[in-house]
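Chain residues, written in single-letter form:
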Amino acid sequence: FGARGAAQEAESLLDKMHALHEAGDPDIKPNVVTYGAVIDAYAKTMDAGAAARADSILANLIRLYQSDPIANSDLRPNTYVFNVSILLLRIFL
């Protein structure tokens, strides 16, 4: 399973990618694959708070996509991110 702190580091990198993109760097923009990797990292930690963090990240992905589906078409949630999130909820709830 995941190394201790790896999921938090992945989430931190996701946040940095958003900050860089919002600061004007068009080449650094998180997409659904980036979000899926972070959610998967939480799934592999098996920490008690992993499901809540993954759910929050998924909610943010959905919120961003719905805010502008055309500009954020690369953030359209897919079955992978939903399946990993459901798996986490099954494990921890």
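You'll find the structure just up there.
Residues numbered from 1 in each chain as written. Predicted model: local features only at pLDDT ≥ 70, side-chain atom pairs only at ≥ 80, totals over all residues. Heavy atoms only, no water.

**Student:** Quick one: what's the story with the environment of L61, residue by residue and with numbers?
**Tutor:** Position of L61 among the secondary structure elements: in helix α3 (residues 50-67). Remark: the alpha-carbon pair of L61 and R76, spanning 15 residues in sequence, is separated by 7.8 Å. (Helix = DSSP H or I, 4+ residues; strand = E, 2+ residues; numbered from the N terminus.)

**Student:** So what's going on with the packing of helix α2 (residues 32-45) against α3? Residues and values would help.
**Tutor:** Following both chains from N to C, one finds α2 and α3 inclined at 170°, their axes separated by 8 Å at the closest point. When the axes of α2 and α3 are compared, the pair comes out roughly antiparallel. Together, V32, Y35, V38, I39, Y42 and T45 of α2 and A50, R53, A54, I57, L58, N60, L61 and L64 of α3 make up the contact between the two elements. Taken together, the residues of the contact of α2 with α3 sort by class into 11 nonpolar, two polar and one charged. (Axes fitted to C-alpha atoms, helices over the stretch in contact; angles between N-to-C directions. Parallel < 35°, antiparallel > 145°, perpendicular 65-115°, else oblique. Contact = heavy atoms within 4.5 Å. Nonpolar A, V, L, I, M, F, W, Y, C, P; charged D, E, K, R; others polar.)

**Student:** Break down α2 for me, with residues and values.
**Tutor:** Since the α-helix advances by 3.6 residues per turn, residues separated by three or four positions end up pointing in the same direction. Between its first and last C-alpha, α2 extends 20 Å over 14 residues, near the 20 Å set by a 1.5 Å rise per residue. Here α2 lies mainly inside the structure; 11 of its 14 residues are buried. Among the residues of α2, those classed as buried are V32, T34, Y35, G36, V38, I39, D40, A41, Y42, A43 and T45. In the core, the buried residues of α2 are packed alongside α1 (6-22), α3 and α4 (79-92). Taking the backbone nitrogen of V33 as reference, a side-chain oxygen 2.9 Å away marks N31 as the first, capping residue of α2. Within two residues after α2, M46 carries a phi angle of roughly 60°, on the positive side. (Expected span 1.5 Å × (residues − 1). Buried < 20%, exposed > 50% of the residue type's maximum accessible area, 1.4 Å probe, protein only. Polar contact = N/O pair within 3.5 Å; in protein donor to acceptor, adjacent residues only side chain to side chain.)

**Student:** A description of a nonpolar patch on the surface should follow, citing residues and the corresponding values.
**Tutor:** Together, M46, L87 and I91 give the surface a local cluster of nonpolar side chains, amounting to about 230 Å² of exposed area. On the basis of relative accessibility, which here comes to 38%, the residue I91 falls in the partly exposed class. (Patch = residues over 30% accessible without salt bridge, like charges linked within 9 Å, V, L, I, M, F, W, Y side chains within 5 Å. Areas by Shrake-Rupley, 256 points an atom, 1.4 Å probe, with all protein chains shown as cover. Salt bridge = Lys/Arg side-chain N within 4 Å of Asp/Glu carboxyl O.)

**Student:** Which residues make up the pattern of salt bridges, and what values do they have?
**Tutor:** Enumeration according to the criterion identifies three salt bridges in this entry. Note that R53 and E11 form a salt bridge whose closest N and O atoms lie 2.1 Å from each other. Placement of R53 in helix α3 and of E11 in helix α1 is noted, with a sequence separation of 42 residues between them. On the accessibility criterion, R53 (31% relative accessible area) is partly exposed. Among the ionic pairs, D74 bridges to K29, the shortest N-O distance being 3.1 Å.

**Student:** Lay out the nonpolar core with the relevant residues and their values.
**Tutor:** Membership of the largest hydrophobic core comes to 22 residues, with the highest contact counts inside it found for Y35, I39, Y42, I57, L61 and L88. Taken together, the elements giving at least two residues each to this core come down to α1, α2, α3 and α4. If one sorts the elements of this core by residue count, α3 sits on top with eight residues. Setting aside residues no more than four positions away along its own chain, Y42 makes contact with A7, Q8, E11, A50, R53, A54, I57 and L88. (Core = buried A, V, L, I, M, F, W, Y, C linked by side-chain atoms within 4.5 Å.)

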